[in-house]
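# Chains, contacts and geometry: an overview
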Number of protein chains: 2
Amino acid sequence: MQLSMRTDYALRALFTLVEHRGGPPIPILELARRNDVPKRFLEHIMLDLKEKGWVASTAGKRGGYQLAKNPEKITMGEVVRHFDGYLAPIACVSVTDYKRCTQETTCRFRRVLLTARNLVANLMDRTTLADVMKSPVVSPDELRKIQGIDGEGI
Amino acid sequence: MQLSMRTDYALRALFTLVEHRGGPPIPILELARRNDVPKRFLEHIMLDLKEKGWVASTAGKRGGYQLAKNPEKITMGEVVRHFDGYLAPIACVSVTDYKRCTQETTCRFRRVLLTARNLVANLMDRTTLADVMKSPVVSPDELRKIQGIDGEGI
DNA sequence: CACAATGCGACCCATCAGGTAGTATTACTG
DNA sequence: CAGTAATACTACCTGATGGGTCGCATTGTG
Ligand code: SF4
Ligand code: SF4
């Protein structure tokens, strides 16, 4: 799973909307500024999010975007999958977008890739936007020593 | 971590070499055939593996490739990283090829991505080629129900 | 109506993964 | 030592795609 810019941008926008849930619509320009995303590009992404039913838009003056769905009902996995196709490190072990390979019957390392996909898929599918919102941001010196972390829970 | 074809091909070749460790050199043509990899392309990859010191080549008649390093001393993580740069789903949480992002101080979902990276990194860095070799191949109906698997151990 | 917003198709454009080709070199074998 | 079977190496091709811009239409508010 390599996150594309699209997905990253989408998530940035989504979380600002989660944060301002209940408030007035937020225009793209605002979303773009706050999250450091090219406005014009974000347009397309928002459109995409809208089609998916995750956000709602109101046009015209005082328009903008709002979250359209309960953030406890949107998982990280769904979002990433929608933009990037699948969570697996390779298509031959993807559940949602499986692609066959000629070597499957003999391939040795496929198992470890499957394990990897299961680890991230379980994590991502269990984690909702609401969950993420509750967790604290990563601190700088937490990053400095990530080597040691065992990565349990979020 | 999205595996590139290169990496996949490299691993295919590596494991055939692991399998025939101690035996005579295996020519590229053979490696290519057995693993269904374009021969010409594999050349580059093998050269790369050689520079890394993982395989050794002998030219001329009866030449070919052999594993040059103990498979217990090569981890999956090393191989993937060598070809694809890093294991993390995004550069801002990569240990080996960290890239800064302007949103780090406020980003909410970075934490879950960090967790994901730790899960796969731990797995991949703990798993050596020898380990992989010992594990059985994934069976077809195992694949069919991967949904339920919890992905512990390899 | 003017203005402020989204909607949307068209297009651009660099990068890169994946792959091909040609030729040089090496070394075993008879 | 000639022939041949292999790797070594450099250069190049080429299509797809990710990331991004533009112009114009549409919608809604004051
Ligand atoms: S070689 Fe193994 S891992 Fe790679 S695609 Fe085929 S089955 Fe999957
Ligand atoms: S937005 Fe968050 S996740 Fe995306 S790059 Fe910046 S810090 Fe990392």
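Before reading further, recall that the structure is shown in the block above.
This one's a predicted model, so the numbers in the text were calculated from it and none came from an experiment.

What follows covers the relation of the copies chain A and chain B. With an axial shift of 0.0 Å and an RMSD of 0.1 Å, the rotation relating chain A to chain B amounts to 180°. Viewed as a symmetry operation, the transformation between the two copies matches a two-fold axis. Among all residues of chain A, the minimum C-alpha distance to the rotation axis is found for A:Met1, at 2.2 Å.

This part is about the side chain of B:Thr75. Residues and elements named next belong to chain B. In this structure, Thr75 sits in the loop between strand S2 (64–67) and helix H4 (76–84). Overall, the relative accessible area of 13% leaves Thr75 in the buried class. Apart from residues no more than four positions distant in its own chain, Thr75 is found in contact with Met124, Asp125, Thr127 and Thr128.

For ligand 2, the full set of nearby residues is A:Asp8, A:Arg12, B:Ile90, B:Cys92, B:Cys101, B:Gln103, B:Glu104, B:Cys107, B:Phe109, B:Arg110 and B:Leu113. At ligand 2, the nearby residues belong to more than one chain, namely chains A and B. Listing elements by their share of the shell around ligand 2, those giving two or more residues are helix H1 (5–19) of chain A together with helix H5 (110–126) of chain B. For the shell around ligand 2, the class distribution of residues is six nonpolar, one polar and four charged.

Here we come to the nonpolar core. The biggest cluster of nonpolar side chains holds 102 residues, and the ones touching the most others in it are A:Met46 and B:Met46. With residues near it in sequence (within four places) discarded, B:Met46 still touches B:Ala13, B:Leu17, B:Ile28, B:Leu31, B:Val55 and B:Tyr65.

To continue, consider the pattern of salt bridges. Two side chains with opposite charge may pair up if their charged atoms get near one another. Residues and elements named next belong to chain A. For the coordinates displayed, the defined rule picks out 16 salt bridges over all chains. Arg12 is paired through a salt bridge with Asp8; the nearest N and O atoms lie 2.9 Å apart. You can see Arg12 and its partner Asp8 sitting in helix H1, four residues apart, about one turn around the helix. Across this residue pair, the class does not change: Arg12 and Asp8 are buried.

About the thresholds
Residues numbered from 1 in each chain as written. Chains lettered and ligands numbered in written order. Predicted model: local features only at pLDDT ≥ 70, side-chain atom pairs only at ≥ 80, totals over all residues. Heavy atoms only, no water. Least-squares fit on C-alpha atoms with pLDDT ≥ 70 in both. Helix = DSSP H or I, 4+ residues; strand = E, 2+ residues; numbered from the N terminus. Buried < 20%, exposed > 50% of the residue type's maximum accessible area, 1.4 Å probe, protein only. Contact = heavy atoms within 4.5 Å. Near = heavy atom within 4 Å. Nonpolar A, V, L, I, M, F, W, Y, C, P; charged D, E, K, R; others polar. Core = buried A, V, L, I, M, F, W, Y, C linked by side-chain atoms within 4.5 Å. Salt bridge = Lys/Arg side-chain N within 4 Å of Asp/Glu carboxyl O.

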